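Okay, here's what each chain looks like letter by letter:
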Amino acid sequence: MTTAQLQRRRAVVRGLPLAPAVVLLTVFLAGPILYCLYSAFTDMALTGSSGASFVGLDNFRKAFTSSDFGRALGYTLFFTITSAIIGQNLLGMLLALLMRAGGAVVRTAVSAVVIGAWVLPEVVTGYLWLAFLGDGGPLNQILGVLHLPGQDWLYSQPILAVSLANVWRGTAFSMLVYSAALSEVPREIEEAATMDGAGTLRRLVSVTIPMVRRTIATNLMLITLQTLSVFGLIWTMTRGGPSGASTTLPLYAYQQAFQLSQLGYGTALALLLLALGGVFSLVYLRVLRLEEATR
Amino acid sequence: MTAGTAQQRPSSTPTPLREARHSAVTRGPAGKGAANLALLAVGLAFVVPMVWVVAAAFNATAGLSVSWPRPWTFDNFRAVLNVETTYRPVLNGLVLCGGGTVLTMIGAVLAAYPLSRYRSRWNRPFLLTILFATGLPITAIMVPVYGLFVQIDLIDTVPGTVLFMATSALPISIWLTKNFMDGVPIELEEAAWTDGASPMQALRYIILPLMWPGMSVVAIYTFIGLWGNFFVPFVLLLSNDRLPASVSIFTFFGQYGEIVYGQLAAYSLLYSLPALVLYLFLARRLGGAFAFGGAVKG
């Protein structure tokens, strides 16, 4: 047996434990995605099952010229940027920093509450916020007590309402990630900065944050990808309404494929959503690799 | 026992608890007070939306607004605590999500081993694919999955749904497990190899016991994720008596015509309970050390 053969055999034996995962991922994930890739170029519909014909780029042309798609894309970006990149990320970091400075009892109580919001099932969170923001709901009751005008938030600000709910639901993840990262920052370095006269803010910006920036990149990416595909929360709260004002891409694709039976168009939309996730992923990996090179 | 060993292992990650006690010494009482106040304010903002569900669950005439139940009643719980509405969907959910979690963990641990221990030019492309798959909108592929399940006769079967749920949770689990495994020093294994242990024996007897805290974090994360998953079982299961709690919360409305808020709130609490209990149980065992973040450093 030649060395090359031996090496190949060794590689196969070593890779063997990957087999169960690879089989599952290939059959139930890669397969459907390839099928998605194919059906996005057809006019397949749920009804009239046999008559799917190849229509080329028609579905994509339809998407890019449709105002519904543009609107859904806009809402998706708004939802992702507001609730994940700004909301969950900054609030999670703030909580992690505060917890480092706060007392044990307060820290335990607050993290229990924040994590509780994260552990609740998506659908339950949806109903919670449906009630919280509803016309006669607690938020308007509170605003009433403060003599501020209330409104039906789900009707007047639907995309903002679901974004808020998503911040509430997802912040615990960022908080946990940042807490762990901050606990690895050597206290001595921060103390040295204090000795040199750096204030709290200066220490944070110049010392602490740069030391956890790899974590920031990873966390941003994970929560961005999670948020791009949020379905259940929005579906429970608004069904994408009123009149499409909270229809993000996942909801739009679902409506086209399952409710309007436009499987071909629906999968084309799903594919565009996948591509959007891919773009974010590439940016993220780019950032990570840069970090590795400069380390 | 295993948990004890794991906690004793030399770790570069001090627990947040220990760390903060240290900080209390180094920072002034004024800074601590301000931090506590800010924390309490955020905590309050997080609690307020939860108040409704608790109040409504014990209120016989609950609506959207919060009114303190007077008198407190268990009628809502009594109304939903029956085989049809609660017991069977919860049991179905436990079977689906428990099965899915077990399968995911087996697949993830096995897959993480070569990714963590051997250098190969395939590692990076594989991990990139895994990372991309973590962000995959499952809604996007449910149509072809439905078609596939009809073709291979897995539609409306519990094993089929378990397989798909496990697959959907695999990417993030592999990613997290691999990162946790990277944290176990390879020297320990090399010693075992010298003594004649096979890689799989090293995995079973050396790595896994040391990774227990990390593994339980991945397991909770997987289970909670599956427990909350509504869309997958909704599409893949057709018979009412196979639906898990995440889906039957939707059929709740159909049965009554209009929303009975009190019962919905009671049911929501019951449905959330397994996830909360599991989390608390494991959080306690982990001693409050959320090793989770360590795994997503990238």
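Residues numbered from 1 in each chain as written. Chains lettered and ligands numbered in written order. Predicted model: local features only at pLDDT ≥ 70, side-chain atom pairs only at ≥ 80, totals over all residues. Heavy atoms only, no water.

Looking up chain B in an unreviewed UniProt entry gives the name Carbohydrate ABC transporter permease, with the organism given as Kineosporia corallincola. Its UniProt record gives chain B a comment under Sequence similarities (unreviewed entry), which states: "Belongs to the binding-protein-dependent transport system permease family." As stated in UniProt under Subcellular location (unreviewed entry), the record for chain B gives "Cell membrane". (UniProt positions renumbered as here; feature names shortened; annotations may be inferred.)

As annotated in an unreviewed UniProt entry, chain A carries the name Sugar ABC transporter permease and is attributed to Kineosporia corallincola. UniProt, in its Sequence similarities (unreviewed entry) section for chain A, records the words "Belongs to the binding-protein-dependent transport system permease family." One UniProt comment on chain A, placed under Subcellular location (unreviewed entry), says "Cell membrane".

### Regarding the overall build of chain A
Tallying secondary structure elements over chain A gives 15 helices and zero strands in all. Each principal axis of the C-alpha atoms in chain A carries an extent, and together these give about 80 × 75 × 30 Å. The buried share of chain A, taken over its 295 residues, is 56%. For chain A, the accessible area works out to roughly 12900 Å², and carbon and sulfur atoms hold 67% of it. (Helix = DSSP H or I, 4+ residues; strand = E, 2+ residues; numbered from the N terminus. Buried < 20%, exposed > 50% of the residue type's maximum accessible area, 1.4 Å probe, protein only. Areas by Shrake-Rupley, 256 points an atom, 1.4 Å probe, with all protein chains shown as cover.)

### Here we look at unusual backbone geometry
Residue and element names in this part refer to chain A. The backbone of His 147 shows a phi angle near 60°, a positive value even though the residue is not glycine. On the secondary structure map, His 147 appears in the loop between helix H7 (138–145) and helix H8 (153–156). Unlike most non-glycine residues, Arg 239 shows phi in positive territory, near 55°. You can see Arg 239 is positioned in the loop between helix H13 (232–238) and helix H14 (249–259).

### Remarks on the interface of chain B and chain A
Across the contact, 91 residues belong to chain B and 90 residues belong to chain A. When chain B packs against chain A, the two sides together hide about 8200 Å² of surface, and 78% of this comes from carbon and sulfur. Remark: the boundary between chain B and chain A carries zero salt bridges. Our enumeration of links across chain B and chain A arrives at three residue pairs in polar contact (both at pLDDT 80 or more). With 16 residues, helix H3 (residues 29–57) of chain B is the single largest residue contributor to the side of chain B that touches chain A. For the side of chain B that touches chain A, the residue count by class is 66 nonpolar, 20 polar and five charged. (Contact = heavy atoms within 4.5 Å. Buried area = accessible area lost by both parts, 1.4 Å probe. Salt bridge = Lys/Arg side-chain N within 4 Å of Asp/Glu carboxyl O. Polar contact = N/O pair within 3.5 Å; in protein donor to acceptor, adjacent residues only side chain to side chain. Nonpolar A, V, L, I, M, F, W, Y, C, P; charged D, E, K, R; others polar.)

### Details of the environment of B:Gly63
Residues and elements named next belong to chain B. Along the polypeptide, Gly 63 turns up in the loop between H3 and helix H4 (75–80). Among the residues examined, Gly 63 registers a relative accessible area of 22% and is labelled partly exposed. Each C-alpha atom, one on Gly 63 and one on Gly 262, is 7.2 Å from the other, the two residues being 199 residues apart in sequence. Not counting the four nearest positions on each side in its chain, Gly 63 is found in contact with Trp 52 and Tyr 261.

### Remarks on the domain arrangement of chain B
Accessible area lost during the coming together of the parts is what is often quoted as the interface size. Residues and elements named next belong to chain B. Assigned domains within chain B: domain 1 (17–73) and domain 2 (80–291). The interface is formed by nine residues belonging to domain 1 together with six residues belonging to domain 2. Buried surface at the junction of domain 1 and domain 2, both sides included, amounts to about 570 Å², of which 83% is carbon and sulfur. Linking domain 1 to domain 2 there are zero salt bridges. For the interface between domain 1 and domain 2, the tally reads zero residue pairs in polar contact (both at pLDDT 80 or more). Among the residues forming the side of domain 1 that touches domain 2, the class breakdown is seven nonpolar, two polar and no charged. (Domains from an automatic or database assignment.)

### Quick look at the pattern of salt bridges
Residue and element names in this part refer to chain B. Inspection of every chain in the model, using the stated rule, returns seven salt bridges over all chains. The salt bridge partner of Arg 117 is Glu 189, with a shortest N-O separation of 2.7 Å. Of this pair, Arg 117 sits in helix H5 (residues 83–117) while Glu 189 sits in helix H9 (residues 186–194), and the two are 72 residues apart along the sequence. Grouping residues by exposure puts Arg 117 and Glu 189 together as buried.

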